[in-house]
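Each chain, letter by letter, is given below.
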Amino acid sequence: MTAAVQRTHTVVDSPYGPLTLVAEGRHLVGLYMEDQRHRPPVERFGLQLPDAAGEPFAETVRQLQEYFAGERREFDLPLLLHGTDFQQRVWAALREIPYGRTWTYGELAQHIGQPTGSRAVGLANGRNPLGIVVPCHRVVGADGSLTGYGGGIERKRALLAHECALPAASGDGQAALF
């Protein structure tokens, strides 16, 4: 029987507000935004570290900084995602959406071989524990509208604008806040 790996976390600044990074050993298991829907309680994040010096935090921060500076399009981090088999399939497919592009929930469902599963895909997408790194913000409604982002529609719009990936129809038409 294997002993459970202790979780640790740290909070770092970003252009989109504070990000809470959660690790199990050397694996990143969570990246949560402030006021994010489905954000676990802080008690589940483990011991808070005063800075991001340890692994995988230092590398995560470096890659996030490169992403925010427009120098990185994909993340190469040791990830460990806890979820159902279906969620795992959806989260793996999210990592296949190219930088600067969006897919609809229906396209994502089709991609994983569940053409009638767009609602289930949307639910799994909303439970993604690694926002930004696993780019759930790249999924839009069937009409191109910016729907269903746990970090808030304003952050979704800002992340897509950062990647120059705003779909033709952008929901309510408001300007990005970030």
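Residues numbered from 1 in each chain as written. Predicted model: local features only at pLDDT ≥ 70, side-chain atom pairs only at ≥ 80, totals over all residues. Heavy atoms only, no water.

Caption draft 1: Spotlight on the sheet that holds strand 1 (residues 7-12). Strand order in the open sheet made by the four strands is 3-2-1-4, with mixed pairing throughout. A single partner strand is all that each edge strand has here, and the edge strands are strand 3 (27-33) and strand 4 (47-48). Sheet topology places strand 1 next to strand 2 (residues 19-24); six bridges connect them, and they run antiparallel. Looking at the pairing, Arg7 lines up with Glu24 of strand 2. Its contacts with the sheet place helix 1 (residues 57-68) against strand 1, strand 2 and strand 3, and it is angled at close to 140° to strand 2. (Pairing = 2+ DSSP bridges. Helix = DSSP H or I, 4+ residues; strand = E, 2+ residues; numbered from the N terminus. Contact = heavy atoms within 4.5 Å. Axes fitted to C-alpha atoms, helices over the stretch in contact; angles between N-to-C directions.)

Caption draft 2: Focus on the pairing of strand 2. The element strand 2 is largely enclosed, with a buried count of six among its six residues. Residues Leu19, Leu21 and Ala23 line one face of strand 2 and the alternating positions Thr20, Val22 and Glu24 line the opposite face, and both faces are buried. With six bridges joining them, strand 2 and strand 3 adopt antiparallel strand pairing. Looking at the pairing, Ala23 lines up with Leu28 of strand 3. Counting the residues between successive antiparallel strands, the hairpin from strand 2 to strand 3 contains two residues, one of them, Gly25, with a positive phi of roughly 60°. (Buried < 20%, exposed > 50% of the residue type's maximum accessible area, 1.4 Å probe, protein only.)

Caption draft 3: Expanded view of the layout of surface pockets. Its boundaries defined by the atoms lining it, the largest pocket holds a volume of some 290 Å³. Taken together, 16 residues make up the lining of the largest pocket; nearest its centre are Tyr32, Pro40, Arg44, His82 and Pro129. Elements supplying a minimum of two residues to the lining of the largest pocket: strand 3 and helix 2 (85-94). Grouping the amino acids of the lining of the largest pocket by side-chain chemistry returns five nonpolar, seven polar and four charged. (1 Å grid on protein atoms, 1.4 Å probe; cavity = no way out; pocket = protein on both sides within 12 Å on 5 of 7 lines; lining within 4 Å. Points joined across faces, edges and corners; volume = space filled by probe spheres on them. Nonpolar A, V, L, I, M, F, W, Y, C, P; charged D, E, K, R; others polar.)

Caption draft 4: Region of interest: the side chain of Ser14. Along the chain, the position of Ser14 falls in the loop between strand 1 and strand 2. Ser14 gets classed as buried once you look at its relative accessible area, which sits at 14%. A distance of 2.9 Å separates a polar side-chain atom of Ser14 from the backbone nitrogen of Tyr16. In this structure the side chain of Ser14 is engaged in a polar contact, spanning 2.6 Å, whose partner is the backbone oxygen of Gly17. For Ser14, the contacting residues outside a window of four places in its chain are Leu19 and Phe68. (Polar contact = N/O pair within 3.5 Å; in protein donor to acceptor, adjacent residues only side chain to side chain.)

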